[in-house]
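# Analysis of the macromolecular model
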Amino acid sequence: MKKLLSVLCISTLTIVLTTGCTATGSTDEAHSQDYKSLSNKQIHEAIMNGGEKAGWKMTEYKKNEVIAEKFNNDEGEMISVKVHNGHLTYEGEASHGDLEDAIYEELRSTGSEH
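Notes on the structure follow. Small disclaimer: the values here were computed from a predicted structure and weren't measured.

For the protein chain, the helix and strand inventory stands at 3 helices and 4 strands. Listed N to C, the secondary structure of the protein chain is α-α-β-β-β-β-α in terms of helices and strands. Here the protein chain, with 114 residues, has 30% of them falling under the buried criterion. Sequence-distant contacts in the protein chain: of pairs separated by 6 or more residues, those separated by 24 or more amount to 45%. Total accessible area on the protein chain stands at roughly 8000 Å², and carbon and sulfur atoms take up 55% of it.

Right, dumping it as structure tokens:
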């Protein structure tokens, strides 16, 4: 009985820890503020302007998603920037710190104009 209980506890702990690690590592976000006070149009414009200022080619993909591309020495990088309820997520394999920082600055300056 003790052995069964210890196996059950270890299994439960393993599930809890792996679920927590998966949930926190699924998106890559340095600036995790919500921008619910801004309209979707303002957020979209800030994403487009910030990306262009950082040297990324910004392409509207869906109503709530923008594709950012950057080309260096015949190698391209691509990031998807999604907006959901005023919250931004960045998806892709490329390094996007400069893009994220530029968008954050645009959003911050847009938010301070109110």
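Bridge count for strand E1 (residues 57-62) against strand E2 (residues 65-72) is 5 bridges, and the pairing is antiparallel. Residue pairing across strands places Thr-59 opposite Ile-67, the latter belonging to E2. The antiparallel pairing of E1 with E2 creates a hairpin that spans 2 residues between the two strands. Here E2 pairs with strand E3 (residues 75-84) via 8 bridges, running antiparallel. Its bridge partner lying in E3, Glu-69 is registered against Met-78. Counted between consecutive antiparallel strands, the loop separating E2 from E3 contains 2 residues, among which Asn-73 sits at a positive phi close to 50°.

Taking 1.5 Å per residue, 14 residues should reach 20 Å; helix H2 (residues 40-53) reaches 20 Å between its end C-alpha atoms and fits that length. Remark: Gly-55 follows H2 within two positions and exhibits a positive phi of approximately 90°.

Thresholds, definitions, all that
Residues numbered from 1 in each chain as written. Predicted model: local features only at pLDDT ≥ 70, side-chain atom pairs only at ≥ 80, totals over all residues. Heavy atoms only, no water. Helix = DSSP H or I, 4+ residues; strand = E, 2+ residues; numbered from the N terminus. Buried < 20%, exposed > 50% of the residue type's maximum accessible area, 1.4 Å probe, protein only. Contact = heavy atoms within 4.5 Å. Areas by Shrake-Rupley, 256 points an atom, 1.4 Å probe, with all protein chains shown as cover. Pairing = 2+ DSSP bridges. Expected span 1.5 Å × (residues − 1).

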